[in-house]
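# Structure assessment
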Amino acid sequence: MMLEIPKNKQLILFDGVCNLCNSSVLYVIKRDQKDKFLFAPLQSDIGKTIIKKFHIDTEKTDSILLYNPEQDRLTYKSTAALLIAKDLKFPTNLMAVFLIVPAFIRNWVYNYIAKHRYQWYGKKEACMIPTPELKSKFLD
């Protein structure tokens, strides 16, 4: 399967059954004024393709993934989250200042939240189904 992602877009891969992740996706959509991001669950075909292409061990990487087709680059965990925030409208874009903090420190916080997300925010039985208005932002 070829990755059919327009060069001017970036793809956010998220845990489709995680309530926190789904809320985060809706947060990004609402603040994505430049219409830069597309979305797909990690559990989708395109998600599985990218995971395979970049040899991601999903047992070890419990994370949001940001795929940039222009650079053919994948970022994850806090770096992905902050790079996404950087392209959102004010004041969310101010979060990018935390990119100066070393990744191992940022990822310690990220991992702590990721580890407890189902316990704190719950879990869905199935991936989120986007509304018709949002359908164009999702790949599957």
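Heads up: the structure comes first, above all this text.
None of the values given here were measured: they were computed from a predicted structure.

## Here's the deal with the packing of aromatic side chains
If you walk through the whole model with that rule in mind, you get 2 aromatic pairs. Where Phe-54 meets Tyr-67, the ring centres are 5.8 Å apart and the plane angle is 65°; that geometry is what we call edge-to-face. With a gap of 13 residues between them, Phe-54 in the loop between helix H2 (45-53) and strand S3 (65-68) and Tyr-67 in strand S3 connect regions that are remote in the sequence. Residue classification places Phe-54 among the partly exposed positions, given a relative accessible area of 23%. Here Tyr-67 falls in the buried class, since its relative accessible area comes to 4%. Judged by centre distance (6.2 Å) and plane angle (15°), the rings of Trp-108 and Tyr-112 are stacked. With Trp-108 and Tyr-112 both in helix H4 (residues 103-121) and 4 residues apart, this pair spans about one turn of that helix. Using a relative accessible area of 62% as the deciding quantity, one classes Trp-108 as exposed. Sitting over the ring of Tyr-27, Arg-31 keeps its end group 3.5 Å from the ring centre.

## Let's talk about the nonpolar core
Nonpolar side chains tend to gather and get buried jointly when the protein is soluble and globular. The biggest cluster of nonpolar side chains holds 18 residues, and the ones touching the most others in it are Ile-12, Val-28, Phe-37, Phe-39, Leu-66, Ile-84 and Phe-138. Top contributing element to this core by residue count: helix H1 (residues 19-31), with 4 residues. Aside from chain neighbours lying at most four places away, what touches Leu-66 is Gln-10, Leu-11, Ile-12, Phe-37, Arg-73, Leu-74, Thr-75, Ala-80, Leu-83 and Ile-84. Membership of the second largest hydrophobic core comes to 14 residues, among which are Leu-11, Leu-13, Ile-46 and Leu-139.

## Points about helix H3 (residues 77-86)
A large share of H3 lies buried, amounting to 7 of its 10 residues. Taken as a whole, H3 has its buried residues at Lys-77, Ser-78, Ala-80, Leu-82, Leu-83, Ile-84 and Ala-85.

## Examining the environment of Asn-22
If you trace the backbone, Asn-22 turns up in helix H1. Residue classification places Asn-22 among the buried residues on the basis of a relative accessible area of 3%.

## Description of the sheet that holds strand S1 (residues 10-14)
Read from one edge to the other, the open sheet built from 4 strands follows the order S2-S1-S3-S4, with strand pairing classed as mixed. Of all strands in the sheet, those with a lone pairing partner are strand S2 (37-41) and strand S4 (73-76), marking the two edges. Sheet twist, expressed as the average angle between the axes of neighbouring strands with direction ignored, equals 25°. Each of S1, S2, S3 and S4 touches H2; the most contacted strand, S1, lies at about 95° to it. Packing against the sheet, H3 makes contact with S1, S2, S3 and S4, and its axis sits at approximately 105° to S4.

About the thresholds
Residues numbered from 1 in each chain as written. Predicted model: local features only at pLDDT ≥ 70, side-chain atom pairs only at ≥ 80, totals over all residues. Heavy atoms only, no water. Phe/Tyr/Trp six-rings, centres within 6.5 Å; stacked < 30°, edge-to-face > 60°. Helix = DSSP H or I, 4+ residues; strand = E, 2+ residues; numbered from the N terminus. Buried < 20%, exposed > 50% of the residue type's maximum accessible area, 1.4 Å probe, protein only. Lys NZ or Arg CZ within 6 Å of the ring centre and 35° of its normal. Core = buried A, V, L, I, M, F, W, Y, C linked by side-chain atoms within 4.5 Å. Contact = heavy atoms within 4.5 Å. Pairing = 2+ DSSP bridges. Axes fitted to C-alpha atoms, helices over the stretch in contact; angles between N-to-C directions.

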